[in-house]
Amino acid sequence: MRFENVSKGYKHRGQLVTALDDASLEITPGDYVAIVGPSGSGKSTLLLMLGGMLSPSSGRVFLNGRSLYELSPNQRAEVRRQKVGFVFQTFNLVPYLTALENVQIPLYLAELSQVKQRERATGLLARVGLGDRLDHKPTELSVGQQQRVALARVLANDPEIILADEPTGNLDPETSAQILDLLDELNREGRTIVMVTHDPRAASRAKRTLTLKAGRISSTSN
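Notes on the structure in this doc start here. (Residues numbered from 1 in each chain as written. Predicted model: local features only at pLDDT ≥ 70, side-chain atom pairs only at ≥ 80, totals over all residues. Heavy atoms only, no water.)

Some points on the overall build of the chain
Then step 1. Assigned secondary structure in the chain consists of seven helices and ten strands.
Then step 2. Here the C-alpha coordinates of the chain stretch approximately 50 × 40 × 35 Å along the principal axes.
Then step 3. The buried share of the chain, taken over its 222 residues, is 50%.
Then step 4. A separation of at least 24 residues holds for 66% of the contacts in the chain among residues at least 6 apart in sequence.
Then step 5. When the accessible surface of the chain is summed, it comes to about 10900 Å², and 49% of that surface belongs to carbon and sulfur atoms.
Then step 6. Positive and negative side-chain charges of the chain, numbering 27 and 24 respectively, have mean locations separated by a distance of 4 Å. (Helix = DSSP H or I, 4+ residues; strand = E, 2+ residues; numbered from the N terminus. Buried < 20%, exposed > 50% of the residue type's maximum accessible area, 1.4 Å probe, protein only. Contact = heavy atoms within 4.5 Å. Areas by Shrake-Rupley, 256 points an atom, 1.4 Å probe, with all protein chains shown as cover. Lys, Arg positive; Asp, Glu negative; His and termini not counted. Charge placed at Lys NZ, Arg CZ, Asp CG, Glu CD.)

Right under this line is the structure:
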């Protein structure tokens, strides 16, 4: 992933906020990057732009050599489906579906057979320690278990890149450590991880940290 002279501004309560100011950066395959900075500094904006979900005001964003925002919306959606998985603080699980059915959603959209959907979703839930919770709905799971279902769903399409927005923000320290252990494991498998976080313990797991402040990005190795 690469930013080339990217700027992004938007209005908030009548004030112009500069989330990014002529920023350039590169994230190489297999990297593990934490994005930190003050609240409202544009960390989530940066993450959405990396994932092809929010266009820059100026500059270009590249994924695997392709300029994302020069693609059509349908082409960008296909790139996301094939390459990128998103993990959110709020999980975004469908409340009336079971854990198994939630993980099956991207597999259904990829037009796998019912048998293959169930087989892969079952395996992924077992991997995140929820093999005995397949038929539980989100309200029947703890907050940490819901985040693990969300992670299993992210892995359904075997993405090369995982973009995580405050993945431990709603979790207690023990459950946070379990989620971070899973992200560490996924990175060791060769996946690229980019994580927005306020938690210094989470940021310390990354290989390097990007600090976003006043629209500028600075980078440090961990």
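Brief notes about the pattern of salt bridges
Then step 1. Going through the model one piece at a time under the given rule, you end up with 15 salt bridges.
Then step 2. For Arg60, the salt bridge identified is with Glu4, shortest N-O distance 3.5 Å. Taken together, the residues Arg60 in strand 4 (residues 58-63) and Glu4 in strand 1 (residues 2-12) connect sequence positions 56 residues apart.
Then step 3. Given a relative accessible area of 28%, Glu4 falls into the partly exposed group.
Then step 4. Among the salt bridges present, the one from Asp31 reaches Arg208, with a minimum N-O distance of 2.8 Å. In this pair, Asp31 sits in the loop between strand 2 (15-26) and strand 3 (32-36) while Arg208 sits in strand 9 (residues 208-213), placing the two residues 177 residues apart along the sequence. Each member of the pair, Asp31 as well as Arg208, carries the same accessibility label: buried.
Then step 5. Salt bridges linked by common partners bring Arg127, Asp158, Glu185, Glu189 and Arg191 together as one network. (Salt bridge = Lys/Arg side-chain N within 4 Å of Asp/Glu carboxyl O.)

Quick look at the sheet that holds strand 6 (residues 84-88)
Then step 1. Strand order in this open sheet of six strands is 6-7-8-3-9-10, and the pairing throughout is mixed. Across the chains shown, the open sheet's two edge strands, defined by having one partner strand only, are strand 6 and strand 10 (216-221). Adjacent strand axes in the sheet meet at a mean angle of 20°, parallel and antiparallel pairs treated alike.
Then step 2. Sheet topology note: the strand 6/strand 7 (residues 161-165) ladder contains five bridges and is parallel. Among the inter-strand pairings, Val87 is bridged to a residue of strand 7, identified as Ala164.
Then step 3. The strands that helix 5 (residues 143-155) touches are strand 6 and strand 7; relative to strand 6, the one it contacts most, it runs at about 170°.
Then step 4. Along the sheet, helix 6 (residues 173-188) contacts strand 3, strand 7 and strand 8 (192-196); its crossing angle with strand 8, the most-contacted strand, is approximately 150°. (Pairing = 2+ DSSP bridges. Axes fitted to C-alpha atoms, helices over the stretch in contact; angles between N-to-C directions.)

Shape descriptors only; they carry no functional weight alone.
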